[in-house]
Amino acid sequence: MAGNKAEEQPKLKMAETSAPYRMKVSQPNVFLPKLLFFVTSLSTKDDMKNWADCFDMKAGAVYCTIFGQNANEKTLNDARYLLKAIAYFIITRAAKETGPQDTKTTTGKKTEDLKTEIEKNLEDLKREIEKKLEDLTPENKLAIDAVYLVVGFLHDINKNGRNQSSLDRENLDKYCLSKHGAHVLSDIAMLDNQLCLDCITKVVKTLPEALALTKGSLLKLKGTNIPSLEEFKRSSDENIISKVASVFCWYYNPFYIDSKKFPSYKASLLSEDKTLLECLHHCIVPAGTTNTSSKGVGPVLTAKELRRNGVRIEASTDKLFAVEFESPTLKLPVLLWDSKMETVVFNLVALESSRTTRPVTRYLQLLNELVEDEGDVRVLKRCGILKGKWKRDEEVVSFVKRADGFASYPSMYTKVDDEMDKVKEYIDKRNNRFLVKHSWVPYAAAAATVIVTAMVATKRRGS
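Cut-offs used in this document
Residues numbered from 1 in each chain as written. Predicted model: local features only at pLDDT ≥ 70, side-chain atom pairs only at ≥ 80, totals over all residues. Heavy atoms only, no water. Pairing = 2+ DSSP bridges. Helix = DSSP H or I, 4+ residues; strand = E, 2+ residues; numbered from the N terminus. Axes fitted to C-alpha atoms, helices over the stretch in contact; angles between N-to-C directions. Phe/Tyr/Trp six-rings, centres within 6.5 Å; stacked < 30°, edge-to-face > 60°. Buried < 20%, exposed > 50% of the residue type's maximum accessible area, 1.4 Å probe, protein only. Arc of directions from axis to C-beta. Salt bridge = Lys/Arg side-chain N within 4 Å of Asp/Glu carboxyl O.

(A) Expanded view of the sheet that holds strand β3 (residues 324-326). Spatial ordering of the open sheet is given by β2-β4-β3, a layout of three strands whose pairing is mixed. Whereas interior strands pair on both sides, the edge strands pair on one side only; in this sheet they are β2 (312-315) and β3. Strand after strand, the sheet turns through a mean of 25 degrees between neighbouring axes, direction not considered. As defined by bridge partners, β3 adjoins strand β4 (residues 329-332) across three bridges and the pair is classed as antiparallel. Within β4, the residue paired with Phe325 across the bridge is Leu330.

This is the structure:
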């Protein structure tokens with residue numbers, strides 16, 4: 001985070017000529033933050049004002065996580081100082097870690113070094129925490145955002161997501177909605193509002209020492225002892241980033257699977273992914289999947305028509321994202337509706353628009369073909385493909401049609417296209433067998449028609 005780290009953020013802005021930009025223009029409610037703004041989403045003066053407006057919310061969340069109580073009018077300034085101080089020491093510690101390391105440093109010497117660093121940086125810290133928000137550097141703002149994300153949000157969902165009493169999406173969602181609010185949950189998943197994992201990782205690694213420095217400094221500056229900082233520091237884990245990523249991906253994944261079967265996010269993948277949204281996408285896409293063997297697939301029958309043609313639709317409960325056909329059963333991923341699902345799905349589609357492998361996009365296109373009207377929705381609900389609290393069946397129809405409007409064509413994905421080809425072959429063979437087995441029916445019908453016609457004609461002549 002030291003040096004020009006703020007300038008090293010990945011270029012996530014949607015180009016004005018790109019498909020994601022057109023999505024943003026047509027559906028700003030799922031692509032533009034409403035309440036939570038990170039420095040990566042700032043481009044205009046209005047954006048800077050939005051960042052300043054949500055600073056107190058970030059400070060309050062960090063204060064609440066550490067102290068276990070909400071900041072009020074009396075403690076709001078303390079919360080602001082606390083967040084600025086932690087961010088300041090995150091920057092200084094990250095800068096120090098890039099220099100030569102003394103691997104033989106003892107615990108006692110480390111404590112002395114921290115005390116020396118507190119005295120050395122006290123005046124700089126005082127100036128920093130008293131700065132107006134508009135006077136903060138981009139590096140300071142980035143550190144503030146990263147501290148909020150790690151301490152005020154990710155630590156919170158990681159702690160509660162691993163609590164045995166709330167080890168399901170619904171309970172965790174209720175908790176997060178009550179504490180953070182629907183807008184914050186959605187804003188964190190937006191493509192243009194992502195922090196790079198490098199910054200998040202550096203916060204996690206330097207947080208214990210930054211908290212110790214913050215505690216000692218605020219005691220000297222404000223005469224306030226903060227024992228909660230020491231307790232929170234002991235609960236931190238330098239290797240927690242992969243655990244946090246796993247819980248984030250489980251909670252934000254639009255496809256439902258039991259938490260015990262959810263794939264753990266491997267720390268080795270962190271170097272490949274730049275943001276949490278990319279972590280989520282990596283969990284959905286099986287490693288090594290390519291589209292080289294996919295030739296696409298023709299028109300797909302609706303859910304009602306598949307049932308009439310002998311195809312049994314079932315929910316895929318063993319795998320996170322799998323479309324599989326084993327005669328006569330078609331297994332599909334389970335789409336879970338919650339307050340943030342639409343935002344997550346559309347931003348994953350925007351992320352995929354520049355890639356050759358587009359599993360989420362392709363599955364949404366498949367849903368669009370399966371769902372023609374409310375009757376198809378009822379079929380998918382009964383089969384367990386649609387979970388959550390969808391308000392009305394027509395709401396689902398509207399969602400899949402809008403999602404298809406964002407999709408880039410063609411969006412082929414081998415593991416979907418090949419399985420749907422099998423479905424088509426199964427239906428064709430089934431219908432051909434029926435025609436062969438009942439090939440006499442057309443002739444019998446024709447003979448019956450001739451006989452009836454002759455009888456009618458005879459009756460008319462006799463009369």
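What follows picks up the thread again.
(B) View of the packing of aromatic side chains. Tallied over the full model, the rule gives 14 aromatic pairs. Both rings, one in Phe38 and one in Tyr148, keep their centres 6.3 Å apart while their planes meet at 50 degrees; by these two values the pair is tilted. Remark: Tyr148 occurs in helix α6 (residues 138-161) and Phe38 occurs in the loop between α1 (19-26) and α2 (45-53); sequence separation between them is 110 residues. Residue classification places Phe38 among the buried residues on the basis of a relative accessible area of 1%. Between Tyr88 and Phe89, the ring centres sit 5.1 Å apart and the planes meet at 75 degrees, which makes this aromatic pair edge-to-face.

(C) Quick look at the sheet that holds strand β5 (residues 334-337). Pairing within the open sheet is mixed, and its three strands lie in the order β1-β5-β6. Of all the strands in the sheet, the pair left with one neighbour each is β1 (255-256) and β6 (386-388).

(D) Region of the structure containing helix α7 (residues 169-179). What α7 keeps buried is the set Arg169, Leu172, Asp173 and Cys176. For α7, the angular spread of buried residues about the axis comes to 100 degrees, placing them on one side. Gly181 lies just past α7 and shows a positive phi near 95 degrees.

(E) Expanded view of the pattern of salt bridges. Tallied over the entire structure, the rule returns 22 salt bridges. Here Asp156 makes a salt bridge to Lys179, at a shortest N to O gap of 3.3 Å. Of this pair, Asp156 sits in helix α6 while Lys179 sits in helix α7; the two residues are 23 residues apart in sequence, bridging distant segments of the chain. Residue Asp156 is classed as buried on the basis of its relative accessible area of 5%. According to the relative accessible area criterion, Lys179 is partly exposed, its value standing at 30%. Glu170 is the salt-bridge partner of Lys389, the closest N and O atoms lying 3.7 Å from each other. Taken together, the residues Lys389 in the loop between β6 and α17 (393-406) and Glu170 in helix α7 connect sequence positions 219 residues apart. Residue classification places Lys389 among the exposed residues on the basis of a relative accessible area of 57%.

So yeah, pure geometry; function would need other evidence.
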